[in-house]
Amino acid sequence: MLEVSDLEAARYFYRDVLGFEETLYGEGREGRYWYLIGDTARLGLWTPQTGLAGGQGGAHVHFAFQLGDNDLDELLEQLNGEGIEVEGPIQLGPGRAIYVTDPDGNVVEFWSQDMAAYAAEARADGEPGTLES
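Computed from a predicted model, the values in this text were never measured in an experiment.

Visitor: Report on the pairing of strand β3 (residues 32-37), specifying residues and quantitative values.
Guide: Two elements, strand β2 (residues 21-23) and β3, share three bridges in a ladder whose sense is antiparallel. Bridge assignment links threonine 23 to a residue of β3, and that residue is tryptophan 34. Across six bridges, β3 lies against strand β4 (residues 41-46) in antiparallel orientation. Bridging across to β4, tyrosine 33 finds its partner in leucine 45.

Put into structure tokens, the structure is as follows:
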């Protein structure tokens, strides 16, 4: 997630200038816009607020990385063994997610949801989730 001071200017930049595909991400997410980057990444935009896992916008970024279920479990065990504070796992669609905060306050998310399946669903013609330009 990137928290931006001018949401419409940011939408224009990512959607129209860079050509990222704008999609919805779940219901009840007004004022939040998501962009698919290939089949394995997404970028979210919203105005400053306390975000997922307590992420603070403006100066900080929320990154999301996809891992397989077993890899997510191994990482969670490793982080717990290192004494790193972890939020989750939480259920995230058909997958799970964990959140950690880096030393600079950026939230790093690891999730097991199949991004290719998510991207295909978000792009489904006429299905909920795809925004028309």
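Visitor: Go over the pattern of salt bridges with me, naming the residues and quoting the values.
Guide: A complete count under the given rule lists six salt bridges for this structure. Among the ionic pairs, arginine 11 bridges to glutamate 22, the shortest N-O distance being 2.7 Å. You can see arginine 11 sitting in helix α1 (residues 7-17) and its partner glutamate 22 sitting in strand β2, a full 11 residues away along the chain. Judged by its relative accessible area of 12%, arginine 11 falls in the buried class. Here glutamate 22 falls in the buried class, since its relative accessible area comes to 7%. Of the charged contacts in the structure, one is a salt bridge between arginine 96 and aspartate 69, with a shortest N-O distance of 3.5 Å. One end of the pair, arginine 96, is in strand β7 (residues 95-101); the other, aspartate 69, is in helix α2 (residues 69-81), with 27 residues separating them in the sequence.

Thresholds, definitions, all that
- Residues numbered from 1 in each chain as written.
- Predicted model: local features only at pLDDT ≥ 70, side-chain atom pairs only at ≥ 80, totals over all residues.
- Heavy atoms only, no water.
- Pairing = 2+ DSSP bridges.
- Helix = DSSP H or I, 4+ residues; strand = E, 2+ residues; numbered from the N terminus.
- Salt bridge = Lys/Arg side-chain N within 4 Å of Asp/Glu carboxyl O.
- Buried < 20%, exposed > 50% of the residue type's maximum accessible area, 1.4 Å probe, protein only.

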